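Structural characterization, general
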Amino acid sequence: MRDILEMLKKSVGLDEEVKEPEETETIIVPEHSFYEIILLKAKSIGDVDDALSQVTDEKNPVILDLTEIQRDNPSDFKTVGERIKDLRENHGAEAILLCNKEKNVVIITPREIKLIRKG
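Notes on the structure follow. The model shown is predicted, which means the values in this text are computed figures rather than measured ones.

Counting secondary structure elements, the protein chain contains four helices and four strands. Going residue by residue from the N terminus, the α and β elements of the protein chain occur as α-β-α-β-α-α-β-β. Burial statistics for the protein chain: of 119 residues in total, 24% are counted as buried. Residue pairs in contact within the protein chain that sit at least 24 positions apart in sequence constitute 55% of those at least 6 positions apart.

Let us look at the pairing of strand β3 (residues 94-99). Bridge count between β3 and strand β4 (residues 105-109): five bridges; the pairing is antiparallel. When the sheet's bridge partners are listed, L97 is paired in β4 with V106.

To continue, consider the packing of helix α2 (residues 45-56) against helix α4 (residues 74-91). In a packed pair of helices, the relevant descriptors are the angle between the two axes and the axis-to-axis distance. Taken N-terminus to C-terminus, the directions of α2 and α4 make an angle of 10°; their axes are 11 Å apart at the nearest point. Here α2 is positioned roughly parallel relative to α4, judged by the angle of their axes. Listed contacts from α4 to I45, V48, D49, L52, V55 and T56 of α2 are D76, T79, V80, R83, I84, L87 and H91.

Among the nonpolar cores identified, the biggest contains 17 residues, and V48, L64, L66, V80, I84 and I108 are the most heavily contacted of them. Here this core gets five residues from one element, more than from any other, and that element is α2.

A separate point is the environment of V80. Tracing the backbone shows V80 in helix α4. Residue class for V80 comes out buried when judged on its relative accessible area of 1%. For the pair V80 and Q70, spaced 10 residues apart in sequence, the C-alpha separation works out to 9.6 Å. V80 has contacts with I45, V48, L66 and I69, leaving out every residue within four places of it along the chain.

Each value, and the rule that gives it
- Residues numbered from 1 in each chain as written.
- Predicted model: local features only at pLDDT ≥ 70, side-chain atom pairs only at ≥ 80, totals over all residues.
- Heavy atoms only, no water.
- Helix = DSSP H or I, 4+ residues; strand = E, 2+ residues; numbered from the N terminus.
- Buried < 20%, exposed > 50% of the residue type's maximum accessible area, 1.4 Å probe, protein only.
- Contact = heavy atoms within 4.5 Å.
- Pairing = 2+ DSSP bridges.
- Axes fitted to C-alpha atoms, helices over the stretch in contact; angles between N-to-C directions.
- Parallel < 35°, antiparallel > 145°, perpendicular 65-115°, else oblique.
- Core = buried A, V, L, I, M, F, W, Y, C linked by side-chain atoms within 4.5 Å.

As structure tokens, this is what we get:
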């Protein structure tokens, strides 16, 4: 008798467990988990070298205020410009002058971070 009941349940579909659809969650993991944006008021070539090494070695963007170097030592300011140009050409970094009226502030990013100019 029990066999007959089980056979009827199977034929009608009563013994099948109802399976809920599994939720699939897509997780996107960035190659570089986070970026530290370095803000630096450069007073010497050494400060600029430290900032540029953040861009090349650590892959972090840097916002660099070059006002003091320009005011106090114009020859060092020219050297900084050449180093930024070299970084752009040889390492694929991007650099944009943010303001140049009273201050010279530049943002420099590694190749992995693209800057978009608007306006």
